[in-house]
Amino acid sequence: MASPGQRIEFLLEVQASNAEAKNVSVIDLLPSEMTFIPGTVKINGQSTGASINVEPGVPLGNLLPGQVVRINFEAEVKDASVFPKGDTILTNTATVRAD
């Protein structure tokens, strides 16, 4: 459970199946009640700097068969004023694309 103003860390794992995946990118359109925190994206534990944002997409390049890539990033739950009274369920969905 998260509260307004709280930072949440996300972990996404992408794995190529039994063939090479070319020009892979991961797009994560956060719920409207959350704000992506620039500079928090890490790929396999390595910081990517402030220029990578999960909403337009994180480019991963080509992945070899069976290769796993881990993407971490943080987002903040918006102020309580954007929520109705009571609990609200936020669902986050990421999409992986490749050629």
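What counts, and at which threshold
Residues numbered from 1 in each chain as written. Predicted model: local features only at pLDDT ≥ 70, side-chain atom pairs only at ≥ 80, totals over all residues. Heavy atoms only, no water. Phe/Tyr/Trp six-rings, centres within 6.5 Å; stacked < 30°, edge-to-face > 60°. Helix = DSSP H or I, 4+ residues; strand = E, 2+ residues; numbered from the N terminus. Polar contact = N/O pair within 3.5 Å; in protein donor to acceptor, adjacent residues only side chain to side chain. Contact = heavy atoms within 4.5 Å.

Visitor: Tell me about the packing of aromatic side chains, residues and numbers included.
Guide: A ring pair, where both rings are aromatic, is described by two values, the distance of the centres and the angle of the planes. Applying the stated criterion across every chain yields a total of two aromatic pairs. When the centroid spacing of 5.0 Å and the interplanar angle of 15° are considered together, the rings of Phe10 and Phe73 count as stacked. Highlighted residues: Phe10 in strand E1 (residues 7-15) and Phe73 in strand E7 (residues 68-77), separated in sequence by 63 residues. The interplanar angle of 50° and the centroid separation of 6.1 Å between the aromatic rings of Phe36 and Phe73 together place this pair among those described as tilted. Remark: Phe73 occurs in strand E7 and Phe36 occurs in strand E3 (residues 34-36); sequence separation between them is 37 residues. Of the aromatic side chains, those joined through ring pairs into one cluster are Phe10, Phe36 and Phe73.

Visitor: Go over the side chain of Asn72, please, and point to the residues and values.
Guide: Looking at the secondary structure, you find Asn72 in strand E7. Looking at Asn72, its side chain comes within polar contact range of the side chain of Glu9, at 3.1 Å. Look past the residues within four positions of Asn72 in its chain and what remains in contact with it is Glu9, Phe10, Leu11, Thr40, Val41 and Lys42.

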